[in-house]
Amino acid sequence: MHHYVVLAGFWIRLWAYILDMVVVGSLHRIFIYPLFRMFDIPLSETSMFSTIVIATAAVMYAYFILMTKFFGQTLGKMVFGMKVIHENSQKLTWSTVIFRELIGKFISKTVLFLGFIAILLSSKKQGWHDYFADTIVIQERKGFLIPYSRY
């Protein structure tokens, strides 16, 4: 028995990521900013290893790791009807998710975002982070049904 899936392409994944960044930014402002203000920790440091930069990265990676592990999708992917699955249909393990979301995406971003551009060129629509973790992103629902009649 064959199992067929519709792969999610670059553009819809980009829109989901943009939405996820809005969510991450909101979480950061709701939880981290008030804590920093309460403990008088500066919010304007510009060093790459400043407390605010580390907190921002922690919130972002925690969001992507936890959402992908527990739901197979972030809120952005939910809105656009996508899901991350293992290529062999196995359940996503902690090591797979952490490797994909933390190490794989870090590498995909660091090398001029080429790891994400790879989605455009890949027959399986995989970024480097997908290749590294043996994952694919599928489209659970493709668009919306609208009535159509020919005149």
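To be clear, the structure that these remarks concern was listed above.
Before going into details, it helps to say that this report is about the structure given with it. Given the structure is predicted, the values throughout are model-derived calculations rather than measurements.

1. Some remarks on helix α2 (residues 51-71)
Here's step 1: Between its first and last C-alpha atoms α2 spans 29 Å; for 21 residues at 1.5 Å apiece the expected length is 30 Å, and the two agree.
Here's step 2: Those residues of α2 lying buried are Ile52, Ala55, Val59, Met60, Tyr61, Tyr63, Phe64, Ile65, Met67, Thr68 and Lys69.
Here's step 3: Against α1 (10-38), α3 (75-79), β1 (82-86) and α4 (94-110) lie the buried residues of α2.
Here's step 4: Note on α2: the residue one or two positions beyond its end, glycine 72, has a positive phi of about 75°.

2. Re empty space enclosed by the protein
Here's step 1: The full count for this structure, using the stated rule, is 1 cavity of 30 Å³ or more.
Here's step 2: In terms of lining residues, the largest cavity is bounded by Tyr17, Met60, Tyr61, Phe64, Glu101, Lys105 and Lys109.
Here's step 3: Of all the secondary structure elements, the ones that give two or more residues to the lining of the largest cavity are α2 and α4.
Here's step 4: Counted by class, the lining of the largest cavity contains 4 nonpolar, no polar and 3 charged residues.

3. Overview of the nonpolar core
Here's step 1: Judged by nonpolar contacts, the single largest core of 20 residues is most densely connected at Val24, Ile32 and Tyr63.
Here's step 2: Those elements giving two or more residues to this core turn out to be α1, α2 and β1.
Here's step 3: When neighbours within four sequence positions are excluded, valine 24 is seen to be in contact with Val59, Met60, Tyr63 and Phe64.

4. A closer look at the pattern of salt bridges
Here's step 1: Under the defined criterion, the tally for this structure stands at 5 salt bridges.
Here's step 2: Aspartate 130 is paired through a salt bridge with arginine 100; the nearest N and O atoms lie 2.8 Å apart. Within this pair, whereas aspartate 130 is found in helix α6 (residues 128-133), its partner arginine 100 is found in helix α4, the two being separated by 30 residues in sequence. There is no split in this pair, since aspartate 130 and arginine 100 are both buried.
Here's step 3: Here the salt bridges do not stand alone but share partners, grouping Arg13, Arg100, Glu101, Lys105 and Asp130 into one network.

5. Considerations on the layout of surface pockets
Here's step 1: By volume, the largest pocket is sized at about 270 Å³.
Here's step 2: Along the walls of the largest pocket sit 16 residues, with Arg13, Leu14, Tyr17, Phe116 and Ile119 positioned nearest its centre.
Here's step 3: For the lining of the largest pocket, the elements supplying multiple residues, two or more each, are α1, α4 and α5 (114-121).
Here's step 4: When residues of the lining of the largest pocket are assigned to their parent elements, the largest contribution, 6 residues, is made by α1.
Here's step 5: The class makeup of the residues in the lining of the largest pocket is 10 nonpolar, 1 polar and 5 charged.
Here's step 6: Roughly 200 Å³ of volume is contained in the second largest pocket.
Here's step 7: Taken together, Met48, Val53, Ile54, Thr56, Ala57, Met60 and Phe106 make up the full set of residues lining the second largest pocket.
Here's step 8: With 5 residues, α2 is the largest single contributor of residues to the lining of the second largest pocket.
Here's step 9: Grouping the amino acids of the lining of the second largest pocket by side-chain chemistry returns 6 nonpolar, 1 polar and no charged.

Conventions adopted
Residues numbered from 1 in each chain as written. Predicted model: local features only at pLDDT ≥ 70, side-chain atom pairs only at ≥ 80, totals over all residues. Heavy atoms only, no water. Helix = DSSP H or I, 4+ residues; strand = E, 2+ residues; numbered from the N terminus. Expected span 1.5 Å × (residues − 1). Buried < 20%, exposed > 50% of the residue type's maximum accessible area, 1.4 Å probe, protein only. Contact = heavy atoms within 4.5 Å. 1 Å grid on protein atoms, 1.4 Å probe; cavity = no way out; pocket = protein on both sides within 12 Å on 5 of 7 lines; lining within 4 Å. Points joined across faces, edges and corners; volume = space filled by probe spheres on them. Nonpolar A, V, L, I, M, F, W, Y, C, P; charged D, E, K, R; others polar. Core = buried A, V, L, I, M, F, W, Y, C linked by side-chain atoms within 4.5 Å. Salt bridge = Lys/Arg side-chain N within 4 Å of Asp/Glu carboxyl O.

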